[in-house]
Amino acid sequence: MKEEKIKKPYKEFTKKFIQRKIAVLSLLFIVLLVFIGIFQPITINPDFADYDNLLAPPSSAHWFGTDEYGRDLFNRIIVGTRISLGVSLSSVFIGALIGTLLGLVAGFYGGKIESIIMRSCDVLFSFPGLLLAIGIVAIIGPGVINVVIAISIYGIPSFTRIVRSSTLSLNKLLYIEASKSIGVSNSRILFIHIFPGTIPTLIVTLTMRIGTAIISAASLSFLGFGASPTKPDWGAMLSTGRDYIGLAPHMLFYPGLMIFLTVLAFNLLGDGLRDTLDPKLN
Amino acid sequence: MYRIIKNKGGCDKTYILIIQEKMRYYILKRLINTIPIIIIVSILVFLFIHLIPGDPARLLAGHQATLEEIMIMRDQLGLNDPIYLQYFHFLKDFFSGNLGTSIKTGLPIKEMLIPRFKPTLYLAIFSIVWASIFGVVTGIISAVNRGKALDYFVMIGAISGISLPLFWLGLMLIQVFSVNLGWFPTGGVDGFKSYILPSITLGAGIMSMIARYTRSSMIEILKESYIRTSRAKGLSEILVVGKHALRNSLIDVVTIVGLQFGFLLAGSVLVETVFSIPGLGRLLIDSILFRDYTVIQVILLIFTLQFIVVNLVVDVMYGILNPKIRYE
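Residues numbered from 1 in each chain as written. Chains lettered and ligands numbered in written order. Predicted model: local features only at pLDDT ≥ 70, side-chain atom pairs only at ≥ 80, totals over all residues.

(A) Structural detail: the overall build of chain A. When helices and strands are tallied, chain A shows 10 helices and zero strands. Ordered by position from the N terminus, the helices and strands of chain A form the series α-α-α-α-α-α-α-α-α-α. Expressed along its principal axes, the backbone C-alpha trace of chain A runs to roughly 75 × 55 × 30 Å. At a minimum sequence separation of 6, the contacts of chain A that also span at least 24 residues come to 67%. (Helix = DSSP H or I, 4+ residues; strand = E, 2+ residues; numbered from the N terminus. Contact = placed C-beta atoms within 7 Å.)

Quick look at the structure:
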């Protein structure tokens, strides 16, 4: 008897994903950034001040030039990867965790719980864009941790809505009905049978939201609500650089370029993942 | 009225009446859904001062205030009343136009706000207009040339536009066009010219968004059988795309333009900061930095209510434009 070849979803996915060169390239860039963020070269001192070269333009000694204290911008951007990526990644993951739980519960149980959760999301959605995060920071005060809290809350409703709608459609499927009829516990159905089904949409949203979170965090820093200007954070560097516009354009150009490239990488990766995971679009 | 429709579309009178009934029901449902949201949002904004750790009266009176001053402040703000009463006073005052006074400048908030509306409004209008026009046009060009180099070029541009931190774009534009070339002022509001760079900055992301949605909606529509029919009839490509396809894709585009309104409001905060435009967004940021809590409260409420109303209008318009939604 001939053995039937089983298509494993994971293998299928990898095969399809590898064909999308731009997405793969973006993923490599992100992996590199995360690597830099975690294993920062200890030889780099972002606060070393070269007082002979204040606001110096890019040169062979200082690739991206120096800032107002003569600190090397390239080093500060490399070291800043940790704060900038750390803030956005952690806030998106916290938002995703809470949002997914709420979405699963809302979609599965329905009724009053669902209305309460979904109406709360509507309320969070009625604060236009970043203004919710700005409002939260206005209450709890500036600082890196508070920015993480604000952006997490800002992200929750998007995840809740998306996970809820996947849960609703999965809940109608036969295998869920079968598990219910043989008496599988609700929590088991939710986490073992329904949750894996929401993962594809969740991954795409997660990737896209990271891009938004990086911009939001940088915007809050730029407005003066985020990391303190002494810390090497990309948004805070732009905020300082603004005072030297005209004098030292490189202080604005490179940190912004880093933010742009990182967000672009996450968005391109998200696009690639969506095209791979959603067969309807092909 | 009914007869005209009947002759044109071949529908009978009862059918039209049913649709009108459903439409009315849809709008009513949407309106009723909005009311609790407005109430909760206003409660949240009202609670804003109470959510900040510490005694609101002490916060508002400042650090150096004596106990007596704090007591007077308590009395003035009605903080001795029960909290629900305070909320009703807050709402009544807000909707009767009595916005209170700033705790930092002592000026009536209404007077502080009025001159700030115009710059924000102009900025929003200029941005959304150019972003919609260019977004729709590039989206169509991209869809018609799907898979060709031009399509790739537009789509790479669009995803870059979405990924750009708009305050950085603004700063770069100032650097190149104001500092280096000297074509535009670096900031402030002084005639139409000073709105050009800020509007480009604020509109860039929205334009990219609109271009992406127009493209995907256009691609879907170009597959429809009525497009094939129009082509088979021998209509010119311009007429097929520009009239038959565009009309239907505009339904989606209207929604997207509406949804971008939130982005526009939040973006105006950043753009006004970058270009030193004395608008509402800038006032909000200044108030947060100066801890002028009463002003923050009023601006947050204005922004949120605007956003809720625009979303409502967009939803209703979508219902009117797209008959499918009425049957849900």
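(B) Structural context of the overall build of chain B. The secondary structure content of chain B amounts to 13 helices and zero strands. If you list the helices and strands of chain B from N to C, you get α-α-α-α-α-α-α-α-α-α-α-α-α. Radius of gyration (C-alpha) of chain B: 25 Å, far over the 20 Å computed for a compact globule of 328 residues. Overall, chain B is about 85 × 60 × 30 Å in size when its C-alpha atoms are taken along their principal axes. (Rg over C-alpha atoms; globule rule 2.2 N^0.38 Å.)

(C) Representation of the interface of chain B and chain A in the model. Taken together, the contact between chain B and chain A spans 35 residues of the former and 34 residues of the latter. Elements supplying a minimum of two residues to the side of chain B that touches chain A: helix 2 (13-51), helix 7 (149-163), helix 8 (166-180), helix 11 (237-274), helix 12 (280-289) and helix 13 (293-321) of chain B. Broken down by element, the side of chain B that touches chain A gets its largest block of residues, seven residues, from helix 11 of chain B. Class assignment of the residues belonging to the side of chain B that touches chain A gives a composition of 29 nonpolar, six polar and no charged. (Nonpolar A, V, L, I, M, F, W, Y, C, P; charged D, E, K, R; others polar.)

(D) Local environment of unusual backbone geometry. Residues and elements named next belong to chain B. Even without glycine at this site, Ser276 takes up a positive phi of about 45 degrees. Looking at the secondary structure, you find Ser276 in the loop between helix 11 and helix 12. Owing to 14 C-beta atoms within 10 Å, Ser276 belongs among the partly exposed residues under this scheme. (Buried ≥ 20, exposed ≤ 12 C-beta atoms within 10 Å, placed from the backbone.)

(E) Focus on helix 5 (residues 131-140) of chain A. Counted residue by residue, helix 5 of chain A has eight buried out of 10 residues, so it is predominantly covered. Where helix 5 of chain A is concerned, the buried positions are Leu131(A), Leu132(A), Ala133(A), Ile134(A), Gly135(A), Ile136(A), Val137(A) and Ala138(A). Of the surrounding secondary structure, the elements contacted by the buried residues of helix 5 of chain A are helix 4 (111-125), helix 6 (144-171) and helix 8 (186-223) of chain A together with helix 11, helix 12 and helix 13 of chain B. A positive phi of about 90 degrees marks Gly141(A), the residue just after helix 5 of chain A.

(F) Layout of the environment of Phe48(A). Residue and element names in this part refer to chain A. Its place among the elements puts Phe48 in the loop between helix 2 (21-38) and helix 3 (73-109). Using a count of 12 C-beta atoms within 10 Å as the deciding quantity, one classes Phe48 as exposed. A sequence separation of 23 residues divides Phe48 from Arg71, and the C-alpha atoms of the two residues are 5.7 Å apart. Dropping the residues within four chain positions of it, Phe48 is found in contact with Arg71 and Asp72.

(G) Summary view of the nonpolar core. Grouped together as the largest cluster of nonpolar side chains are 146 residues, with contacts concentrated most on Ala133(A), Val137(A), Val147(A), Ile210(B) and Ile299(B). Broken down by element, this core gets its largest block of residues, 14 residues, from helix 8 of chain A. Residues within four places of Ala133(A) in sequence aside, it is in contact with Ala150(A), Ile151(A), Tyr154(A), Ser216(A) and Leu220(A). (Core = buried A, V, L, I, M, F, W, Y, C linked by C-beta atoms within 7 Å.)

(H) Layout of the environment of Gly80(A). Residue and element names in this part refer to chain A. One can find Gly80 in helix 3. As for Gly80 and Gln40, which are separated by 40 residues in sequence, their C-alpha atoms are 9.8 Å apart. Once you skip the residues sitting within four places of it in the chain, Gly80 turns out to touch Pro232, Asp233, Trp234 and Met237.

(I) Layout of the confidence of the model for chain B. All names here are of chain B. Summary statistics for chain B give a mean pLDDT of 82 and a share of 94% for residues scoring 70 or more. Low pLDDT (under 50) marks residues 1-9, which in the prediction has seven contacts with non-local residues, meaning those over four places away or in another chain. Interface confidence in the predicted complex, given as ipTM, is 0.84; pTM for the same model is 0.85. (pLDDT = per-residue confidence, 0-100.)

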